[in-house]
Amino acid sequence: MKKLFISFLLVTCFSLNVFNAYSKTNCSEEIVLENVNSKDLLNYIYDNHLIDKILRVCSKDLCSSINATQIESDIKSFVNKNIRYLLSFDEEQGLNAQLKGFKVEKIIINSCL
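What this report covers is the structure whose coordinates are included nearby. Computed from a prediction, not measured in an experiment: that's the story for all the values here.

Calculation criteria
- Residues numbered from 1 in each chain as written.
- Predicted model: local features only at pLDDT ≥ 70, side-chain atom pairs only at ≥ 80, totals over all residues.
- Heavy atoms only, no water.
- Core = buried A, V, L, I, M, F, W, Y, C linked by side-chain atoms within 4.5 Å.
- Buried < 20%, exposed > 50% of the residue type's maximum accessible area, 1.4 Å probe, protein only.
- Helix = DSSP H or I, 4+ residues; strand = E, 2+ residues; numbered from the N terminus.
- Contact = heavy atoms within 4.5 Å.
- Pairing = 2+ DSSP bridges.

Counting residues in hydrophobic clusters, the biggest one holds 20 residues, and the most contacted among them are Leu41, Ile45, Val57, Ile75 and Ile107. Contributions of two or more residues to this core are made by helix H2 (41-47), strand S2 (54-59), helix H3 (71-89) and strand S4 (104-110). At 6 residues, H3 tops the list of elements feeding residues into this core. Ignoring anything within four residues of it in the chain, the contact list for Val57 reads Leu41, Leu62, Cys63, Ser64, Ile66, Ile75, Phe78, Val104 and Lys106.

Most of S4 is tucked away: 5 of the 7 residues are buried. Two strands pair when backbone bridges link them, and strand S1 (residues 28-32) and S4 are joined in this way by 5 bridges, in the antiparallel orientation. Its bridge partner lying in S4, Glu30 is registered against Ile108. Both S2 and S4 contribute to a ladder of 5 bridges, which runs antiparallel. Across the sheet, Arg56 pairs through a bridge with Ile108, a residue of S4.

Okay, here's the thing in structure tokens:
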């Protein structure tokens, strides 16, 4: 009887964890940005209170995951990765992105929070 109760308890806990994991994947929402570039991105995130909700940031060519606890370093990494990509693709466009910034297309957030 004791083994049956423990088995039932474990199966119940496992099913609840699977349900929670499944429901969190349906919580992502995409915010399409109009006039935000890489120089304004961090201010946009702070001004719109997206720090705890942000999952990914995307430019035209690349996306990068963002961790809320180290948001500033993740944004710097995203910007540097995009600039390196643009420099390898077109040097003039890469230098322009270094000076003026590049357009950030979208931010993906967790809308269940």
